[in-house]
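Analysis of the macromolecular model
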Amino acid sequence: MPSLASQPSTHSAPQRRTDDLRTIRAKVERGERLSLSDGERLFATPDIWSVCELAALVRNRLHGAPHQNGVAHYNINRHLNYSNVCALSCKFCEFYRKKDDDGAYTRDMDYVREEVRKAVESGATEMHSVGGLHPYLPWDYYTELVATIRDTARSLGSDLHVKAFTAVEIVHLAKIAKVYRADDRTAGIRWVLERLKQAGLGSLPGGGAEVFDDRVHDEAFKGKIRSDVWLDVHRVAHELGLNTNATILYGHIEQRRERLVHMDMLRRAQDEALARLGYTGVKSDDGDQPAITLTRPGTPLPEHIAFGPNGLDNPAAGYFQTIIPLPFFPDGSDLEHLPGPTGLENLRTLAIARLMLDNFPHVKAFWIMQTLPMAQLMLQNGADDIDGTVVWYDITKLASRADDAATHQEVSIASLVKAIRDAGFEPVERDTLYRPVIRDGTRWHVQSPVPTPS
Ligand code: V47
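Here's a quick rundown of the structure. (Residues numbered from 1 in each chain as written. Predicted model: local features only at pLDDT ≥ 70, side-chain atom pairs only at ≥ 80, totals over all residues. Heavy atoms only, no water.)

It is worth spelling out the overall build of the protein chain at this point. Counting secondary structure elements, the protein chain contains 15 helices and 14 strands. Out of the 454 residues in the protein chain, the part that is buried amounts to 59%. Restricting to contacts in the protein chain with at least 6 residues of sequence separation, those with at least 24 account for 73%. Of the roughly 19,000 Å² of accessible surface on the protein chain, 51% is carried by carbon and sulfur atoms. (Helix = DSSP H or I, 4+ residues; strand = E, 2+ residues; numbered from the N terminus. Buried < 20%, exposed > 50% of the residue type's maximum accessible area, 1.4 Å probe, protein only. Contact = heavy atoms within 4.5 Å. Areas by Shrake-Rupley, 256 points an atom, 1.4 Å probe, with all protein chains shown as cover.)

This model, assessed by the stated rule, comprises 38 salt bridges. The salt bridge partner of Glu-345 is Arg-259, with a shortest N-O separation of 2.8 Å. A residue pair is termed long-range when its members are at least 10 positions apart, and Glu-345 in helix H12 (residues 343-356) and Arg-259 in helix H10 (residues 256-276) qualify at 86 residues. Both residues of the pair, Glu-345 and Arg-259, belong to the buried class. (Salt bridge = Lys/Arg side-chain N within 4 Å of Asp/Glu carboxyl O.)

Our focus in this paragraph is the site of the ligand. If you check the shell around the ligand, you find 22 residues, and the closest are Lys-163, Gly-208, Glu-210, Phe-329 and Lys-364. Between the ligand and Gly-207, the relevant distance is 3.2 Å, taken from an oxygen atom to a main-chain nitrogen or oxygen of the residue. The separation between a nitrogen atom of the ligand and a polar main-chain atom of Phe-329 is 2.8 Å. Relative to its unbound accessible surface of 620 Å², the ligand loses 96% to contact with the protein. Of all elements in the fold, only strand S6 (243-250) and strand S7 (320-327) reach the threshold of two or more residues within the shell around the ligand. Residue composition of the shell around the ligand, by class: 12 nonpolar, 7 polar and 3 charged. (Near = heavy atom within 4 Å. Polar contact = N/O pair within 3.5 Å; in protein donor to acceptor, adjacent residues only side chain to side chain. Nonpolar A, V, L, I, M, F, W, Y, C, P; charged D, E, K, R; others polar.)

This part is about the packing of helix H3 (residues 48-63) against H12. It is at 9 Å that the axes of H3 and H12 come closest, and there the two elements cross at 45°. If you check the angle between H3 and H12, you find them oblique. Handedness of the H3/H12 crossing: left-handed. Each of Ile-48, Trp-49, Val-51, Cys-52, Leu-54, Ala-55, Val-58, Arg-59 and Leu-62 in H3 lies in contact with H12, whose residues at this interface are Leu-344, Leu-347, Arg-348, Ala-351, Ile-352, Arg-354 and Leu-355. Per-class residue counts for the contact of H3 with H12 are 13 nonpolar, no polar and 3 charged. (Axes fitted to C-alpha atoms, helices over the stretch in contact; angles between N-to-C directions. Parallel < 35°, antiparallel > 145°, perpendicular 65-115°, else oblique. Left-handed = near helix turned anticlockwise from the far one by under 90°.)

As structure tokens, then:
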């Protein structure tokens, strides 16, 4: 009887698929940049486990393998949504309210101080603060918000990091402050970011990116800034030494190809940011600028350069830290009729984000949106971070709850640590800038990142 291996295939498609992924696997092993058509193949193949395996290969190269001293990150944080009043009415959003709607709120500084006190008492290292595009709040409110978070925390002995305002809000602030000019938009963006940085802003979160495609933009979030402006805000932030995050909101009206284009635009922007840090890239056949990948064996992560042994106090940073794939939640939005992505689509999209965004040091499985069990699975298939303890999360609420309890989404540190350990990784508490945290109860300090053995 012939061996199984020598039997001819009765179905030609699997053989072709294997060949497709073999080419991609060879590129991944060499640390070469994948093309958009490689990405399309990764989306099209029914062999999702090979996609996951390739993403794990990259993830493990950067952060170590499970059961072999590989690490996964979490943080202790708190969210503060300063207002849900928004001039826009994006179809995918269930967060926004109009000024006189039931449930509309705008927080005053007493409220903010109280939230900071609770954050410090819980040992948080980060306050993540975003809100709607409020039509009437004055510019001073925003600098006061940031300074109040920083100063209240300092008065309580904490160096709480202020991660605040999506790119969309930054542009809105430039308009409120009357410094935004369409013919030189970066000047207004810079003006705003410089002042917020002076008030204590430490980094920008990744929200507001949605999907970088004008068709999708005009259909689902018209009125929001487009991709070019979102990227401008992040570039100026990087030039000012602020690190930023990036998101992709998928599983609504976009096509998979549009997700890939979004990822490609982000990695081009990251090439520019990493070049400023001194990385050199490789010119590929189809690329017009050198591709800088972190996935080549032995390449240092940007935090090892920016916050290296002597850089802790004065980081000359300024790059994208992490990509956060956000699965669309239809409930309560104007796109409620859509089904939203399934678990396997979430897993595949995150794995492909790890593979395409070869110059992003981190991939975050945001447990609030992915669920903790899924985030754990994602740690083994591309992600190295599950975000934090969070406490109140207002942007997407727990389905079927209309009351306050729906936004109370908190997980204990013990649950995060257990989820990471069970996935085979060593839990590393990080600060917002991915520096390891040394903790003694609620008191903490950071140290320079320790390079992961490759
Ligand atoms: O930009 C809004 C998304 C984002 C829905 O930087 C929705 O560390 C799903 O950006 N279904 C805000 N998503 C959240 C965000 C974020 C979250 C966690 C960590 C970080 C970080 C950033 O939430 C928005 C939008 O893309 N969003 N509505 C919805 N129905």
